[in-house]
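Chain by chain, the residues run as shown.
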Amino acid sequence: MAGILIHSAVEQGELRAEFWELVTVARQLAPSVGGGLRVALAGSQLGDALEQARRAGAAEVRVLEHAQLADPWPEGHFEALAALCGRLDPEVVLVPRTPLGAEVAARLAIRRGASLVHDVTHVQKGADGITATRPVFGGAVSATVQARRGPWVIVPRPHAFAAAAPADGEASPVVREAFAPATPPRTFCGARTRQGSSGAKDIEKARVLVSGGAGLGGPEPFRLLGEVAELLGGAVAASRVAVDAGWVPTSLQVGLTGRSVAPDLYLAVGISGATHHLAGCSSAQVIAVVNSDPAAPFFRLANYGVVGDWKEVIPAFRDALKEKLATSRVA
Amino acid sequence: MRAVVCLKQVVDPLTPATELALDRAAKKMKPAAAGPPVINGYDEQALEAALRLRESLGQLEIVALSLGERFHLDVMKRSLAVGADQLVLVQDPSLDTPDSHRVATALAAAIRKIGAVDLVLCGRQASDWDNAIVPLLLAELLGMPCLTLARRVSVQGARVEIDRVLPDGSQTMWSELPAVVTVTSELGALRMPTARARLATARIQPKLLTLADLGVAAAEPPQVEVRDLSIPVAGRECRFVEAADGAAAGRRLAEILMEAGVVRPEGAR
Ligand SMILES: Cc1cc2nc3c(=O)[nH]c(=O)nc-3n(C[C@H](O)[C@H](O)[C@H](O)COP(=O)(O)OP(=O)(O)OC[C@H]3O[C@@H](n4cnc5c(N)ncnc54)[C@H](O)[C@@H]3O)c2cc1C
Ligand SMILES: Nc1ncnc2c1ncn2[C@@H]1O[C@H](COP(=O)(O)O)[C@@H](O)[C@H]1O
């Protein structure tokens, strides 16, 4: 049992942004774990992601490329990784906290009898094993947990660690693996639908997010937020209440069970600021909050606050932006 | 057909952080401080999934199952009032724990004791520790397949089919029964009980079981121990925009953000 293995699934040839955060964690742990770093990439077409991952400074990149890994099929991705771990026997496996990654990590920990340390914001290894910090109770409480016995499966929280820079030197060698599950599959994938419809830009990549919540009262006001987002070259996001009500698609949800975002500006409109929501946006550079309730908890995390009704504030905000952006463009 | 729905009693996740209190010695949340507990939201949605299944199948026996240290009966009995046929509670001090193995072992034993279970419905995660691991462990212990993050659950013959929520859409998935399925909030909220049903279920007593009844041995040390809990004081200094009315505040906010360089003309970044 030795070494660190980073595992990441690749969709549409794109290396996930979290990959470089996992590299940071790996570099932090490397001196106390020993045995070097390996990377495993899984998917049906790795494309560009493979070349990028070869720059992580790993001893090698293991490629789990197979048509059956095209879907975010937890059992398949898990079986592929478990077989690889059987051969490499890593001491620490690092997996990104996506819905697929989290489930693959849990299944792997169960199969290997490994200790699962989930959603960590800080992690270190000492004589007593792994000690980590993680938010619990939706982020209201911070827990320090300890897992004495290895191997370990660690799932870092997105944006809790800085993205690492690619390493200098040679690109890592590539080793191709067969997809050889230990057991016949018991779960099966069918038709997949994508919600790209409303032209929703990927909110994880947008530099500006204009986010709406229950206070908007329905789907229509999200059009207004969309106008503001467009002026700022950003995208629209939302709270879970707005998603569960069917006003906007799930892909726009920010928070503990939605996306984790870190834009330059997060403008929250009609969102109360429950810890579960803040868990997904507290890494924003600047947070501005528009809420009619001066006691809304979101103000405690805001840089700028407007106590008011969005129906008055946002149209005027949009018009002022339009005007000012037009004049500054001329100037 | 028989379905078991696993319900966890948790501290109300909407309790404001300022009202939470910790028992740092026991490394637990102080239960009284946060008011009455609730059924974990996703587990309520799992129960709603079971009720919808019963409607579409015409017949389904629903057993609600919960493990914990101490139960608020009026909270847990809501499951009966909305239509569960039976409520089984396993009570033991060792069950108020973030140790997923302990919980899953006891749940598996209880499900075997209930017997002839075709479908186990769980929430996607418990809102206290957000582990999302008990259902996977449970499936492993029961030798069942596990489907996760269902926004819709249906049963045709010996097969369960779900719509699994993905970050960018959804995907149909299926497996043979018996199976474990976890439910996410997109499925929709649990229906309200009628006043009549509330009264009718007031006298029904849950079935109480002990770990000894289930043949579950004393707790082994957990793989992951909790060393400390604290309430972080995170915060930013909020500059409130002062203005005569909402519209003026909106204009002022635009100015402030531009002056601070947060908002720049598109393309200039
Ligand atoms: C385990 C778990 C996971 C969760 N995951 C997430 C998650 O990933 N993301 C998420 O967002 N939530 C999540 N939640 C839910 C979360 O706890 C809150 O319920 C949710 O974030 C509240 O959404 P909201 O702020 O839109 O609604 P509310 O809390 O109802 O707030 C609406 C706000 O709008 C304001 N308002 C009303 N009218 C106006 C007006 N005219 N002008 C201006 N303001 C107005 C109100 O003052 C209020 O503050 C989770 C919950 C649990 C238990
Ligand atoms: N003590 C418990 N009693 C009943 N069900 C539980 C318990 N703990 C966890 N579960 C079930 O397992 C799901 C996931 O829990 P967790 O893995 O702790 O996040 C919950 O949503 C419940 O359905």
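These numbers come from a predicted model, not from an experiment.

Undergrad: So what's going on with the overall build of chain A? Which residues, and what values?
TA: The number of helices and strands found in chain A is 8 helices and 16 strands. A compact globule built from 331 residues would reach a C-alpha radius of gyration of about 20 Å, and chain A, at 22 Å, matches this within 12%. Here the C-alpha coordinates of chain A stretch approximately 60 × 45 × 40 Å along the principal axes. Look at the contacts in chain A between residues 6 or more apart in sequence, and 64% of them connect residues 24 or more apart. Here chain A displays about 12400 Å² of accessible surface, and carbon together with sulfur accounts for 51% of that area. Distance from the positive charge centre (32 side chains) to the negative charge centre (31 side chains) of chain A: 3 Å.

Undergrad: How would you explain the overall build of chain B if you had to name every residue and give the values?
TA: Helices and strands together make up the secondary structure of chain B, namely 8 helices and 15 strands. Of all 269 residues assigned to chain B, the portion counted as buried reaches 54%. Of the accessible surface of chain B, which amounts to about 11800 Å², a share of 52% is contributed by carbon and sulfur atoms. Both charge centroids of chain B, one from 31 positive and one from 33 negative side chains, sit 2 Å from each other.

Undergrad: Residues and numbers for the site of ligand 2, please.
TA: Residue and element names in this part refer to chain B. Around ligand 2, the surrounding shell holds 19 residues, and the nearest of these are Asp43, Ala126, Ala132, Ile133 and Val134. For ligand 2, a nitrogen atom lies 2.8 Å from a polar atom in the backbone of Leu67. Ile133 places a main-chain nitrogen or oxygen 2.8 Å from an oxygen atom of ligand 2. Taken together, the elements giving at least two residues each to the shell around ligand 2 come down to β6 (61–68), α4 (100–114), β8 (119–123) and α5 (134–142). The element contributing the most residues to the shell around ligand 2 is β6, with 3 residues. Broken down by class, the residue content of the shell around ligand 2 amounts to 12 nonpolar, 5 polar and 2 charged.

Undergrad: Quick rundown of the pattern of salt bridges? Include the residues and the values.
TA: Inspection of the entire model under this criterion finds 45 salt bridges over all chains. Close ionic contact of Arg24 of chain B with Asp228 of chain B constitutes a salt bridge, the shortest N to O distance being 3.0 Å. Taken as a pair, Arg24 of chain B in the loop between β3 (22–23) and β4 (28–29) and Asp228 of chain B in strand β14 (residues 224–230) lie far apart in primary sequence, 204 residues in all. Three or more residues are tied together by salt bridges with common partners; here these are Glu14, Arg16, Glu18, Asp202, Glu204, Lys205 and Arg259 of chain A.

Undergrad: Any chance you could break down the site of ligand 1 for me, citing the residues and the numbers?
TA: Near ligand 1 lie 30 residues; those nearest to it are Ala214, Ser239, Val254, Ser272 and Asn291 of chain A. In this structure ligand 1 sits where residues from chains A and B come together. The backbone of Ala214 of chain A places a nitrogen or oxygen atom 2.7 Å from an oxygen atom of ligand 1. The separation between an oxygen atom of ligand 1 and a polar main-chain atom of Arg240 of chain A is 2.9 Å. Relative to its unbound accessible surface of 990 Å², ligand 1 loses 83% to contact with the protein.

Undergrad: Pulling in residues and values, what's your account of the interface of chain A and chain B?
TA: The interface is formed by 85 residues belonging to chain A together with 76 residues belonging to chain B. In this structure, the connection of chain A to chain B is made through 5 salt bridges. Linking Glu225 of chain B and Arg148 of chain A is a salt bridge whose minimum nitrogen-to-oxygen distance equals 2.9 Å. Along the contact surface separating chain A from chain B lie 35 residue pairs in polar contact (both at pLDDT 80 or more). No other element matches the 10 residues that helix α8 (residues 310–330) of chain A contributes to the side of chain A that touches chain B. For the side of chain A that touches chain B, the residue count by class is 42 nonpolar, 24 polar and 19 charged. Inspection of the sheet shows strand β8 (residues 141–147) of chain A paired to β14 of chain B by 6 bridges, in the antiparallel sense. Considered in β14 of chain B, the bridge of Gln146 of chain A is made with Glu225 of chain B.

Undergrad: Could you give an account of the sheet that holds strand β14 (residues 265–269) of chain A, naming the residues involved and the relevant values?
TA: Ordered in space as β13(A)-β12(A)-β14(A)-β15(A)-β16(A)-β15(B), the 6 strands form an open sheet in which the pairing is parallel. Two strands bound the open sheet, and with one partner strand each, they are β13 (235–238) of chain A together with β15 (239–240) of chain B. Sheet topology places β14 of chain A next to strand β15 (residues 286–291) of chain A; 5 bridges connect them, and they run parallel. Counterpart to Val269 of chain A in the pairing with β15 of chain A is Val290 of chain A. Those strands touched by helix α5 (residues 221–231) of chain A are β12 (208–212), β13 and β14 of chain A, and its axis lies near 140° from that of β13 of chain A.

Undergrad: Describe in detail the packing of aromatic side chains, supporting the description with residues and values.
TA: For any pair of aromatic rings, the description consists of the separation of the ring centres together with the inter-plane angle of the planes. The full count for this structure, using the stated rule, is 5 aromatic pairs over all chains. An angle of 20° between the planes, with centres 5.9 Å apart, marks the rings of Phe188 of chain A and Trp174 of chain B as stacked. A residue pair is termed interchain when its members come from two chains, as with Phe188 of chain A in strand β11 (residues 187–194) and Trp174 of chain B in strand β11 (residues 169–176).

Undergrad: Lay out the pairing of strand β12 (residues 179–183) of chain B with the relevant residues and their values.
TA: Residues and elements named next belong to chain B. The buried count for β12 comes to 5 of 5 residues, which makes it a mostly enclosed element. Burial of β12 is two-sided: the residues Ala179, Val181 and Val183 facing one way and the residues Val180 and Thr182 facing the other way are all buried. Strand direction decides the pairing type here: β8 and β12, joined by 5 bridges, are parallel. Its bridge partner lying in β12, Gly123 is registered against Val183. Where strand β9 (residues 146–156) meets β12, 3 bridges bridge the pair, whose relative direction is parallel. Bridge assignment links Leu147 to a residue of β12, and that residue is Val181.

Undergrad: Explain the sheet that holds β8 of chain B to me, and be specific about the residues and the numbers.
TA: Here we have 10 strands laid out as an open sheet, ordered β11(A)-β11(B)-β10(B)-β9(B)-β12(B)-β8(B)-β1(B)-β6(B)-β7(B)-β13(B), and mixed in their pairing. With partners counted over all chains shown, the strands left at the sheet margins are β11 of chain A together with β13 (207–209) of chain B, one partner each. Going from strand to strand, the sheet's axes swing by 30° on average, the running direction of each strand aside. Contacts between helix α1 (residues 41–57) of chain B and the sheet are confined to β1 (2–6), β6, β8, β9 and β12 of chain B, with β8 of chain B contributing the most and set at about 145° to the helix.

Undergrad: Quick one: what's the story with the state of the cysteines, residue by residue and with numbers?
TA: Enumeration over the complete set of coordinates arrives at 0 disulfides over all chains. Residue Cys281 of chain A stays outside any disulfide, its sulfur separated by 14 Å from that of Cys238 of chain B, the closest cysteine. On the basis of relative accessible area, Cys238 of chain B is assigned to the buried category, the value being 18%.

Undergrad: So what's going on with the environment of Val286 of chain A? Which residues, and what values?
TA: Turning to its location among the elements, Val286 of chain A is positioned in strand β15. Using a relative accessible area of 14% as the deciding quantity, one classes Val286 of chain A as buried. In this structure, the C-alpha to C-alpha distance between Val286 of chain A and Tyr266 of chain A, residues 20 residues apart in sequence, is 6.3 Å. Excluding anything up to four places from it in sequence, Val286 of chain A contacts Asp264, Leu265, Tyr266, Asn303 and Tyr304 of chain A together with Arg236 and Val262 of chain B.

Here is what the cut-offs are and how they apply
Residues numbered from 1 in each chain as written. Chains lettered and ligands numbered in written order. Predicted model: local features only at pLDDT ≥ 70, side-chain atom pairs only at ≥ 80, totals over all residues. Heavy atoms only, no water. Helix = DSSP H or I, 4+ residues; strand = E, 2+ residues; numbered from the N terminus. Rg over C-alpha atoms; globule rule 2.2 N^0.38 Å. Contact = heavy atoms within 4.5 Å. Areas by Shrake-Rupley, 256 points an atom, 1.4 Å probe, with all protein chains shown as cover. Lys, Arg positive; Asp, Glu negative; His and termini not counted. Charge placed at Lys NZ, Arg CZ, Asp CG, Glu CD. Buried < 20%, exposed > 50% of the residue type's maximum accessible area, 1.4 Å probe, protein only. Near = heavy atom within 4 Å. Polar contact = N/O pair within 3.5 Å; in protein donor to acceptor, adjacent residues only side chain to side chain. Nonpolar A, V, L, I, M, F, W, Y, C, P; charged D, E, K, R; others polar. Salt bridge = Lys/Arg side-chain N within 4 Å of Asp/Glu carboxyl O. Pairing = 2+ DSSP bridges. Axes fitted to C-alpha atoms, helices over the stretch in contact; angles between N-to-C directions. Phe/Tyr/Trp six-rings, centres within 6.5 Å; stacked < 30°, edge-to-face > 60°. Disulfide = S-S within 2.5 Å.

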